[in-house]
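As a plain string of letters, each chain reads:
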Amino acid sequence: MNKEPVSRELFDEVMVPNYAPGSIIPVRGEGSRIWDQDGREFVDLQGGIAVTCLGHSHPGLLGALQDQAEKIWHLSNVMTNEPALRLAKTLCDLTFAERVFFANSGGEANEAAFKLARRYAWEHYGPEKNEIISFKNSFHGRTLFTVSVGGQPKYLEGFEPAPGGIHHAEYNNLDSVKALISKEKTCAIVVEPIQGEGGVMPADPEFLKGLRALCDENDALLVFDEVQTGVGRTGHLYAYQMYDVVPDILSSAKGLGGGFPVAAMLTTARIAASLGVGTHGSTYGGNALACAVAQKVVDTVSQPEILKGVKARSDKLRKGMMDIGERYGIFSEVRGAGLLLGCVLTEKWQGKAKDFLNAGLDEGVMVLVAGGNVVRLAPSLIIPDQDIEEALERFERAVKKLTA
Ligand SMILES: *Cc1c(COP(=O)(O)O)cnc(C)c1O
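Reference entry: report on the structure contained in this document. Note that the structure is predicted; figures quoted are calculated from it, not measured.

## Comments concerning helix 5 (residues 106-124)
Then step 1. Look at helix 5: 27 Å from first C-alpha to last across 19 residues, which is about the 27 Å you get at 1.5 Å a residue.
Then step 2. Immediately downstream of helix 5, the backbone of Gly126 shows phi near 110 degrees, a positive value.

## Concerning the site of the ligand
Then step 1. The full set of residues close to the ligand is Ser105, Gly106, Gly107, Asn110, Phe139, His140, Gly141, Glu192, Asp225, Val227, Gln228 and Lys254.
Then step 2. Within the backbone of Gly106, an N or O atom sits 2.8 Å from an oxygen atom of the ligand.
Then step 3. A distance of 2.6 Å separates an oxygen atom of the ligand from a polar backbone atom of Gly107.
Then step 4. Taken by itself the ligand offers 380 Å² of open surface, and the protein chains cover 81% of this.
Then step 5. Among the elements that take part in the shell around the ligand, helix 5 stands out by supplying three residues, more than any other.
Then step 6. In terms of residue class, the shell around the ligand is made up of two nonpolar, seven polar and three charged.

## Regarding the side chain of Asn110
Then step 1. Following the sequence through the fold, Asn110 ends up in helix 5.
Then step 2. Setting aside its immediate chain neighbours within four residues, Asn110 contacts His140, Thr146, Asp225, Val227 and Ser251.

## Some details on the sheet that holds strand 15 (residues 365-366)
Strand pairing in a sheet relies on backbone hydrogen bonds. The paired strands run either parallel or antiparallel.
Then step 1. The four strands are arranged 1-2-3-15 in an open sheet whose pairing can be described as mixed. Only two strands of the sheet have a single neighbouring strand rather than two, namely strand 1 (26-30) and strand 15.
Then step 2. Looking at chain direction, strand 3 (residues 41-44) and strand 15 are connected through two bridges and run parallel. Residue Asp44 lies in a different strand from strand 15, and its bridge partner there is Met366.

## Here's the deal with a nonpolar patch on the surface
Then step 1. Residues Val6, Leu10, Val14 and Met15 make up a contiguous nonpolar surface patch of roughly 340 Å² in combined accessible area.
Then step 2. Structurally, Val14 can be placed in helix 1 (residues 8-14).
Then step 3. Residue class for Val14 comes out exposed when judged on its relative accessible area of 57%.

## Observations regarding the environment of Phe145
Then step 1. By the element assignment, Phe145 lies in helix 6 (residues 144-149).
Then step 2. Separated by 37 residues in sequence, Phe145 and Glu108 place their C-alpha atoms 9.9 Å apart.
Then step 3. Excluding its chain neighbours within four sequence positions, the residues that come into contact with Phe145 are Glu111, Phe114, Lys115, Arg118, Ile132, Pro163 and Ile166.

## With respect to the pairing of strand 1
Then step 1. Both strand 1 and strand 2 (residues 33-36) contribute to a ladder of four bridges, which runs antiparallel. The partner of Gly29 across the bridge, within strand 2, is Ile34.
Then step 2. Between the antiparallel neighbours strand 1 and strand 2 lie two residues, among them Gly31 with a positive phi of about 60 degrees.

Calculation criteria
- Numbers given to residues run from 1 along each chain, matching the order in which its sequence is written.
- It should be noted that, the model being predicted, local features are given only for residues of pLDDT at least 70 and side-chain atom pairs only at 80 or more, the latter also being counted only at that level, while totals for whole chains, interfaces and linings use all residues.
- Remark: hydrogens and water are excluded; side-chain values derive from all non-hydrogen atoms of the structure.
- What counts as a helix is a DSSP run of H or I of at least four residues, what counts as a strand is a run of E of at least two, and both are numbered from the N terminus.
- The span expected for a helix works out to 1.5 Å for each residue beyond the first.
- When we say a residue is near a molecule or strand, we mean one of its heavy atoms is within 4 Å of it.
- Under the rule applied, a polar contact is a pair of N or O atoms within 3.5 Å (in protein, one hydrogen donor and one hydrogen acceptor; residues adjacent in sequence only if both atoms are side-chain atoms).
- Note that accessible areas follow from Shrake-Rupley with a 1.4 Å probe, and for residues the cover is restricted to the protein chains shown.
- Charged means Asp, Glu, Lys or Arg here, nonpolar means Ala, Val, Leu, Ile, Met, Phe, Trp, Tyr, Cys or Pro, and polar covers whatever is left, Gly included.
- Residue contacts are counted whenever heavy atoms from the two residues lie within 4.5 Å of one another.
- In this scheme, strands are said to pair when DSSP sees at least two bridges between them.
- The patches described consist of residues with a relative accessible area above 30% and no salt bridge, like charges being joined within 9 Å and nonpolar side chains (Val, Leu, Ile, Met, Phe, Trp, Tyr) within 5 Å.
- One side-chain nitrogen of Lys or Arg within 4 Å of one carboxyl oxygen of Asp or Glu is enough to make a salt bridge.
- Classification of residues uses two cut-offs on accessible area relative to the type maximum, computed with a 1.4 Å probe and protein chains only: under 20% is buried, over 50% is exposed, and between them is partly exposed.

Purely spatial values, then, with no claim about function.
Here it is in structure tokens:
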């Protein structure tokens, strides 16, 4: 086995240059703390980008992983397996869903969702009804189909020709959707209840209710991309439950495995029927190890005291960031829900979000950005109070230096 020491420089020698990772290499995590190769300790408000929803090295998740690892890892979809069946049953019990398809990433769950929406319309209404309405600034993944449905043209640059039949309306603007939708052509509207990558922009409740009504009037399916907002992130198991608007298809990933790659597409029995035998698949989808870990994540996160705790932690973190924002004149607002928060930089600091991330690292706190103008926080849903306090102190020190 190759046990040579590795450094950040190696990245540039052996990795495709599509990422620009920071200079430190974390090697160990526990709860909401992370240590790098030199033993430096950080408070983690990144949460692996809304993934490690129960922090690092959670004993329950470790136990679930080890238990299943000693039984069976993988079977392929020629066989079903107990963890996948149990997890699907749990997701159906806890949500609107009646049928579940498992995948490995958000992009792959969305790919399944969009293919299903097209296939359902094709089967029930004919091939003309194939158009998807999505939103500017949205993010749905990096496969060619999902990046085309996404509303950030820069991510498509140089990868064309893109799949067709996709239109982008203005987020939180129902009139812009009405201008694009038709009963003859539209098969689905795809929306994030809170745009994550696009700047932690929450939907207005009336907007989502309006989309539901437009879908019903036009025989189109409403697809909620809850890859970032799902699995307790907003203080509800899924954000649709907070908005009280029920989608036809929902995609879930990121937090679902708490750090183990797994994703799911949820839908109704009637719609699921359009993905008959052989129409779609995924080798690793429904992998036994992944589903056993996700089961523990969902069982844990869906506990009422965990979800209530998200709201309490959110209030504390939001207030702390607003106070820092006021003291140093850096934030115009802190938006989002639960533990998906976006601190919007004031005019003076536009485009400088990455500077705050780097300044935070220097002081031992990891934050995220969403675009150039938003400092994004997506910590563990069970981050201890004292870690929130420590993170706020460290972030304030970083801000003080940066703004001096
Ligand atoms: C992260 C994200 C995706 C893509 O997920 P991957 O696992 O990276 O493929 C899709 N939709 C939303 C809303 C996301 O936040």
